[in-house]
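# A closer look at the structure
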Amino acid sequence: MEPLFEKLKSNAVAHRQCIILPESTEPRTLTAADKIIGDKVADIVLIGHADEIDAKVKELGLTHIGEARIINPDDEEANEKYAQLFYELRKSKGITIEDARKKIHDPLYLGCLLIKNGEADGQVAGALNTTGNVLRAAFQVLKTAPGVSVVSGAFIMILKGEAAKLYGQDGIMVFADCAVMPDPDEKQLAQVAVSTAKTAREIAGIDPVVAMLSFSTKGSASSDSVTKVANATAIAKEMDPTMKIDGELQADAAIVPSVGASKAPGSTVAGHANVLVFPDLGVGNIAYKLVQRLSGATAAGPVLQGLAAPVNDLSRGCSWEDIYKTIVITCNQAINRK
Ligand code: ACO
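This write-up is about the structure you can find in this document. Worth saying up front: this structure is predicted, and the values here are computed from it rather than measured.

We now examine the pattern of salt bridges. Inspection of every chain in the model, using the stated rule, returns 16 salt bridges. Its salt-bridge partner being R16, residue D43 comes within 3.0 Å of it at the nearest N-O pair. Here D43, found in strand β2 (residues 42-47), pairs with R16, found in the loop between α1 (3-14) and β1 (17-21); they are 27 residues apart in sequence, far enough to count as distant. The salt bridge involving E59 is made with K56; its shortest N-O contact spans 3.7 Å.

Another aspect to go through is the nonpolar core. Generally speaking, soluble globular proteins have nonpolar side chains that are buried together. Core analysis: the largest hydrophobic core is formed by 91 residues, its most contacted members being I44, I156, V210 and M212. Taken together, domain 1 (3-143 + 308-336) and domain 2 (152-298) each give at least three residues to this core, which thus spans both. Each residue touching V210, except ones within four places of it in the same chain, is listed here: A193, A197, M243, K244, I245, D246, V269, V275 and V277.

This next bit is on the pairing of strand β10 (residues 298-305). Most of β10 sits out of view: seven of its eight residues are buried. Here six bridges tie strand β5 (residues 152-158) to β10, and the two strands are oriented antiparallel to one another. Note on β10: the bridge partner recorded for M157 is A299.

It is worth spelling out the site of the ligand at this point. R90, K93, V151, A179 and V180 are the nearest of the 20 residues found near the ligand. Contacts to the ligand include R136, whose side-chain N or O atom sits 3.5 Å from an oxygen atom. Contacts to the ligand include N285, whose side-chain N or O atom sits 3.0 Å from an oxygen atom. About the coverage of the ligand: the protein hides 62% of its 1,000 Å² of free accessible area. Only α7 (131-141) and α13 (281-295) provide two or more residues apiece to the shell around the ligand. The dominant element in the shell around the ligand, judged by the number of residues it contributes, is α7, at five residues. Here the shell around the ligand spans two domains, since at least three of its residues come from each of domain 1 (3-143 + 308-336) and domain 2 (152-298).

The interhelical angle for the contact between helix α9 (residues 186-202) and helix α10 (residues 224-239), taken along N-to-C directions, is 55°, at an axis separation of 8 Å. Here α10 runs oblique to α9, going by the angle between their axes. For α9 against α10, the interelement crossing comes out right-handed. Here E186, K187, L189, A190, Q191, A193 and V194 of α9 lie close against α10, whose contacting residues are K228, V229, N231, A232, I235, A236 and M239. Its residues assigned to classes, the contact of α9 with α10 shows nine nonpolar, two polar and three charged.

Attention shifts here to the packing of aromatic side chains. Within a pair of aromatic rings, the relevant descriptors are the distance that separates the centres and the angle that separates the planes. Taken as a whole, this structure holds four aromatic pairs when the rule is applied. Considering the side-chain rings of F86 and Y109, the 5.5 Å spacing of their centres and the 80° angle between planes classify their relative orientation as edge-to-face. Note that F86 is positioned in helix α4 (residues 76-90) and Y109 in helix α6 (residues 107-116), a separation of 23 residues in sequence. Comparing F86 with Y109 shows no difference in burial state: the two are buried. A ring pair is formed by W320 and Y324, whose centres lie 6.3 Å apart and whose planes are at 75°; its orientation type is edge-to-face.

Procedures and definitions
- Within every chain, residues take consecutive numbers counted from 1 along the sequence as written.
- Given that this is a predicted model, residues contribute local features only at a pLDDT of at least 70 and side-chain atom pairs are listed and counted only at 80 or more, while totals for whole chains, interfaces and linings are drawn from all residues.
- Side-chain calculation: all heavy atoms of the structure are included, whereas hydrogens and water are not.
- By convention in these notes, a salt bridge is any Lys or Arg side-chain nitrogen within 4 Å of a carboxyl oxygen on Asp or Glu.
- Numbering of helices and strands runs from the N terminus, with a helix taken as a DSSP run of H or I at least four residues long and a strand as a DSSP run of E at least two residues long.
- Residues enter a nonpolar core if they are buried and are Ala, Val, Leu, Ile, Met, Phe, Trp, Tyr or Cys, with the set joined through side-chain atoms within 4.5 Å.
- Classification of residues uses two cut-offs on accessible area relative to the type maximum, computed with a 1.4 Å probe and protein chains only: under 20% is buried, over 50% is exposed, and between them is partly exposed.
- Domain boundaries shown here were taken from an automatic or database domain assignment.
- Residue contacts are counted whenever heavy atoms from the two residues lie within 4.5 Å of one another.
- Strand pairing requires that DSSP identify at least two bridges connecting the strands.
- Nearness is judged by heavy atoms alone; a residue qualifies as near a molecule or strand once a single heavy atom is within 4 Å of it.
- Two N or O atoms form a polar contact when they lie within 3.5 Å of each other; inside protein one atom must be a possible hydrogen donor and the other a possible acceptor, and for residues adjacent in sequence the pair counts only when both atoms belong to side chains.
- Computed by Shrake-Rupley with a 1.4 Å probe, the accessible areas treat only the displayed protein chains as cover when residues are assessed.
- Angles shown run from 0 to 180 degrees and are taken between the N-to-C directions of axes, each axis being a line fitted to C-alpha atoms and, for helices, limited to the stretch in contact.
- Note on angle classes: values under 35 degrees are labelled roughly parallel, values over 145 roughly antiparallel, values of 65 to 115 roughly perpendicular, and the remainder oblique.
- Crossing handedness follows the turn of the near helix against the far one: under a right angle anticlockwise gives a left-handed crossing, and clockwise gives a right-handed one.
- Any residue outside Ala, Val, Leu, Ile, Met, Phe, Trp, Tyr, Cys, Pro, Asp, Glu, Lys and Arg is labelled polar, Gly included; the first ten of those are nonpolar and the last four are charged.
- Side-chain rings of Phe, Tyr and Trp, where Trp is taken by its six-membered ring, are said to pair if the distance between their centres is within 6.5 Å; with planes under 30 degrees apart they count as stacked, over 60 as edge-to-face, and otherwise as tilted.

Here's what the structure looks like:
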């Protein structure tokens, strides 16, 4: 594991949290859970049927998973309190108690309700479910943290080789939004900047220097998108006057000192950025995948930022090691929240 993850893991071990895994018969998830329990990183709650989980555990030859708590999503009597809770949370949206009782059978929703009820600290899912389904359950039940308007998704980019010497803080950069909002407006983009600076500090362990990216640097081109990024920069500065942030900047002006000095003279951010905020999800998602594939960087995430309690989404192509790291990140988000 990278040094950053060793550090996050030690912190998780020291402040043991309880994490829910709703995809309880998925082999990579069970393998990760077994190692997490064995390493004393977190307590685990599995949502599913004990007999099905047991059969899978035997097949995989796992030894620690017996310590996990199991919640049966089809035990209507035991789960009535969660149905009532969901009904209270969503009745203003027109749902009935019968709708709520049906929803509780969905492990993604039941997991979020356990967190809302104070029985666990975070949730990790997505090895089987789509991003949209994982996110919607979290949005509806947990909602955003106080003072945060929207949730977004950041990737911690751990650079390799020469790139690690040239860019980021000790080769670490944070990119966002790469996972959630297809077309953010200027206020939402400003929120992404503020949330990502927090993730950079609390999870990636770097001192954030934020560049709001565009195809224009300081008015070199004009379009609605350029105006949006420039306005978002101004709003973000108002939201957090202490944040080191500048925009709009092109990517080279943001990270290459000589280009930054010539295109944005006087900027303390240009040429030194380690947090990159993209103008929309199309750019952010494509950019992180290209950097990951073309440079061999590790892309850890998406780290969902801005939720009232941490829920993180996995790629359906993930390995058990990815799930292990995502649980470690989720524990750290939960610790920082307290
Ligand atoms: N932050 C906070 N709350 C939100 C956000 C957000 N960014 N987006 C939607 N919501 C809330 C809505 O306000 C709504 O709340 P309410 O029901 O209490 O009023 C609730 O979530 C549900 O909203 P919907 O309209 O049903 O959901 P929507 O259609 O907006 O979908 C979603 C939200 C699922 C996140 C959608 O924007 C999406 O699919 N985004 C792209 C996800 C994706 O595919 N990413 C790329 C893959 S991930 C990767 O490659 C790493």
